[in-house]
Amino acid sequence: MTRDTPRDWAADAVARLREEAASRGPTPLRAVPLPAFPGITVLLKDESAQPTGSLKHRLVRALYRQAITRGRLGAGTPVVVGTAGAVAVAGAYFARLLGLPFTAVVPARTPADVRADIEREGGHWQLAKQPPAALLAEAATVARGLGGHLLDHFAEATPALAEHGGPSLAEEVLDQLRGSAHPEPRWLVTGVGTGATSATSGRHLREHSPATRLAVVDPENSAYFPGWASDCADYATGMPSRIPGIGRPRIEPGFQPSVVDLVVPVPDAASVAAMRWLDDRAGLAVGPAAGAGLWGVCQLVRRMAENGRGGSVVTVAGDGAAPYRRTHRNPAWLAEHGLDPTPHEATIERFTTTGEWPTP
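Residues numbered from 1 in each chain as written. Predicted model: local features only at pLDDT ≥ 70, side-chain atom pairs only at ≥ 80, totals over all residues. Heavy atoms only, no water.

Participant: Mind showing me how you'd approach the side chain of Gln299 here?
Facilitator: The residue Gln299 is located in helix H11 (residues 288-306) in this model. On the accessibility criterion, Gln299 (15% relative accessible area) is buried. Within the local environment of Gln299, its side chain forms a polar contact with the backbone oxygen of Trp295, the two atoms lying 3.1 Å apart. A distance of 3.3 Å separates the side chain of Gln299 from the side chain of Arg302, its partner in a polar contact. Not counting residues within four places of it along the chain, the set of residues in contact with Gln299 comprises Val264 and Trp357. (Helix = DSSP H or I, 4+ residues; strand = E, 2+ residues; numbered from the N terminus. Buried < 20%, exposed > 50% of the residue type's maximum accessible area, 1.4 Å probe, protein only. Polar contact = N/O pair within 3.5 Å; in protein donor to acceptor, adjacent residues only side chain to side chain. Contact = heavy atoms within 4.5 Å.)

Here it is, written out as structure tokens:
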């Protein structure tokens, strides 16, 4: 990228981002076996196949495109994020693609594996000096000090995906199902972090596949289920989610409840149990947010069967298993955090093989 003008640099940068997206193709749909329900097909949209291993790859690419087209990023502009998750890893990946310096301001408890992933993608991380609630504000201060740009993946997520995200996740799913036995699934199931994926998917489904309903799964301590159920747009719990990638202590501005048909609360231990079931029974090594999705799928499949309906359900796996080998996939860590997935594992196994769900 050695052109002479800012516009030339921007044109080259956007072209690189477009080429990167086009070179990947859609992430795969993988079958999830439910022997007790032969008339219902369950598919998992595996976003761990993204280059940085997460659904956030789509979002961060869109954030870069938005920042470039709005003139906020130019040649050599430092990029800063305030997060310890997949957004930081994807941010470093795209900064390297564009030749930009990158810094992630991360909480003190950020796992060593996440820090290593940021470095592997060519980025730099620094520990936050403020508590987690002030992380984004601290990252903004760092960006100003560097003369750089803060990628605000909460405030800008939904407009970025809408304007620059290319095919939405829902659009990609419908394209992949075209010509199949169930080209319009009964349900699409996803989690909510920034709110962008559910917002863009919900809007697309309402326009192009009105027979498909959108369900959101929500972990303990998150604001989305109680806020959605009470129609309170500024609901807040003030407590962090223990399921990375989904759940927030407050309802983020990108969440659009009007396009969500159902929000399913999921116990954290059930998310872990379903994650383990997917690995053991379906050969799908995914993260705990995908487990939450499967728990929600079980509720929907039960409803469909009770109403005599067949069809398909698609759930989203936001990331893979690798980031969780020391946490959600580690029995010692689970015990330390009071999470016992064993009873929930028995529930899932019984439901998928016999169709029985415990009576409340």
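So that's the structure; there's more coming.
Participant: Would you take a moment to explain the nonpolar core for this structure?
Facilitator: Within soluble globular proteins, side chains that are nonpolar tend to cluster in buried spots. Core analysis: the biggest nonpolar cluster contains 37 residues, and Val32, Trp187, Val189, Leu278 and Val301 have the highest contact counts within it. Top contributing element to this core by residue count: H11, with ten residues. Residues contacting Leu278, with those up to four places away along its chain left out, are Val32, Leu44, Gly283, Leu284, Val286, Ala290, Gly291 and Leu294. Of all hydrophobic cores here, the second largest spans 36 residues; its members include Ala13, Tyr64, Ala104 and Ala157. (Core = buried A, V, L, I, M, F, W, Y, C linked by side-chain atoms within 4.5 Å.)

Participant: I would appreciate a short explanation of the sheet that holds strand E4 (residues 102-106) in the present structure.
Facilitator: In sheet architecture, strand pairing relies on hydrogen bonds along the backbone and comes in two forms, parallel and antiparallel. Taken in spatial order, the four strands make up an open sheet running E5-E4-E3-E6, and their pairing is parallel. Only two strands of the sheet have a single neighbouring strand rather than two, namely strand E5 (124-127) and strand E6 (149-150). Note: strand E3 (residues 79-82) against E4, four bridges, orientation parallel. Counted as the bridge partner of Val80 is Thr103 from E4. Contacts between helix H5 (residues 135-146) and the sheet are confined to E3, E4, E5 and E6, with E3 contributing the most and set at about 165° to the helix. (Pairing = 2+ DSSP bridges. Axes fitted to C-alpha atoms, helices over the stretch in contact; angles between N-to-C directions.)

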